[in-house]
Amino acid sequence: MSRQKLLEMTRSLIEHGAADTMELADDVVSVPVSDYTDEARYELEKEKIFKRLPLMVAPSCELPEPGCYKAMDIAGIPVLVTRQKDGTAQAFLNSCTHRGNPVAQGSGKATRFTCGYHGWTFKNDGDLLAIASPKDFGTVDKALFCLKKFPTLERAGLIWATLDPDSQLDIESYLCGYDSLLEHFGFDDWHLFDQRTISGPNWKTAYDGYLDFYHLPVLHKDTFGADFFNRANFFAWGPHQRLSAPSKFVQKTGSDEQLDLTGMDEKDWPIDALLQGVWTIFPHISIASFYGGGGRGALISQLFPGKTVSESFTTQFYVMEHEPTDDAVRKGADEQFAFLETVVAEEDYETGKRQHKALQSGLMDKVWFGRNEGGGQIFHQWVDRLIKADDAELAEIFASQNQDDQLEAAE
Ligand code: FES
Ligand SMILES: [Fe+2]
């Protein structure tokens, strides 16, 4: 079923490519500059988006085995993600139930966490194992002192968590079936080659760039080249969007050669040809696949709001289908990852920082998204819609979204 959907998208990309066209949005639309610069709005986005919607906290391969964990900070919430004994991933509030100190830092492998303040010990499934000097402390029911759990779901080799322990929003319904397409990457048995974190501008200024091919041959003329395509068709599943260039050509696996898909039987279209482009996961993930360094790889970018309205940070995970086994492949992968980091940090994010600073002058009231920039239009519409929705409406929005998809599938 989802392969059918991939084929459908590919046929549409080929048709548009052959006709030298792209799918255009209905209108040119504007977004108020204050949406990017207003501090109250930024706080609202952290509350209503980042603390309320499922977030992709880690690719599965970052926690490959039981006992693996990582601690992170998301919009001021300390989060601990572990892979438990039974192999399932679970996210917790990283805050000791005694007096709140985070129980874990950084990442590594541990089956238990001892809080560094008074020594209470928790298992990696969140259960309180032991309290220090229990006779002196007094009697407590340990079952009531487990680490607070966040709703967590692992799908398509990615781990989502909602940073609201009482969330009524089902993560699966939030994904709107998009996960079944992401499954085709096969990330669940890929390898995490490397990761790094870079600083960026306001989170939406940064995210706009992931939904935008229009800038590619201009901003990236020295890296991707001035002849690079600048058109994308957008495909949406709720707020999650894939963008891909309309063309009948795809790069052949592991080479620079271009494959003409129209000259091939559809059943022979390779899966990576069907997955090309950028896959974004609302509100903060972009996945782009690449060949380089001797194998199939993907850059998974995970974006979070920073300390102020003008800052964000992005963890880039460079995942590879196969762990490199020789130095030449490893060197190639290192070079590919360094190249991608440079493009994002020095071209996209440096531009975003200058752009954001100029907007903060307060002398422009709007920015514009053209008919060729439908992805950005849809993204900002969803941000607006979701920050206005109360919790009950939020669950309804995604329930009805899934109904629409089912109806469409049945037609
Ligand atoms: S705060 Fe953790 S043991 Fe006291
Ligand atoms: Fe870019």
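Residues numbered from 1 in each chain as written. Chains lettered and ligands numbered in written order. Predicted model: local features only at pLDDT ≥ 70, side-chain atom pairs only at ≥ 80, totals over all residues. Heavy atoms only, no water.

Re helix 3 (residues 39-50)
Then comes step 1: Taking 1.5 Å as the rise per residue, helix 3 with 12 residues should run 16 Å; its terminal C-alpha atoms sit 15 Å apart, in good agreement.
Then comes step 2: Of the residues making up helix 3, those classed as buried are Arg41, Tyr42, Glu45, Lys46, Ile49 and Phe50. The arc that holds the buried residues of helix 3, viewed along the axis, is 145°, so those residues lie on one side.
Then comes step 3: Among the structural elements, helix 2 (34-37), strand 2 (55-59), helix 7 (203-210), strand 20 (295-305) and helix 11 (374-388) are those in contact with the buried residues of helix 3.
Then comes step 4: A side-chain oxygen of the first residue of helix 3 lies 3.2 Å from the backbone nitrogen of Ala40; this N-cap is Asp38. (Helix = DSSP H or I, 4+ residues; strand = E, 2+ residues; numbered from the N terminus. Expected span 1.5 Å × (residues − 1). Buried < 20%, exposed > 50% of the residue type's maximum accessible area, 1.4 Å probe, protein only. Arc of directions from axis to C-beta. Contact = heavy atoms within 4.5 Å. Polar contact = N/O pair within 3.5 Å; in protein donor to acceptor, adjacent residues only side chain to side chain.)

Concerning the domain arrangement of the chain
Then comes step 1: Here the domain parsing of the chain yields domain 1 (2-53 + 172-410) and domain 2 (61-168).
Then comes step 2: Between domain 1 and domain 2, the C-alpha centre-to-centre distance is 31 Å.
Then comes step 3: Counting residues at the interface gives 25 residues for domain 1, matched by 19 residues for domain 2.
Then comes step 4: The interface formed by domain 1 and domain 2 holds two salt bridges in total.
Then comes step 5: In this assembly, domain 1 and domain 2 are joined by three residue pairs in polar contact (both at pLDDT 80 or more).
Then comes step 6: Elements with a contribution of two residues or more to the side of domain 1 that touches domain 2: helix 3, helix 5 (171-175), helix 6 (178-182), strand 13 (191-200), strand 20 and strand 21 (312-320).
Then comes step 7: Partitioning the side of domain 1 that touches domain 2 into residue classes produces 15 nonpolar, three polar and seven charged. (Domains from an automatic or database assignment. Salt bridge = Lys/Arg side-chain N within 4 Å of Asp/Glu carboxyl O. Nonpolar A, V, L, I, M, F, W, Y, C, P; charged D, E, K, R; others polar.)

Focus on the sheet that holds strand 6 (residues 107-109)
Then comes step 1: Across the sheet, five strands lie side by side as 6-3-4-5-10; this open sheet has antiparallel pairing. This sheet does not close on itself; its edge strands, each paired only once, are strand 6 and strand 10 (149-150).
Then comes step 2: The pairing of strand 5 (residues 89-93) with strand 10 spans two bridges and is classified as antiparallel. Paired with Phe92 across the two strands is Lys149, which belongs to strand 10. (Pairing = 2+ DSSP bridges.)

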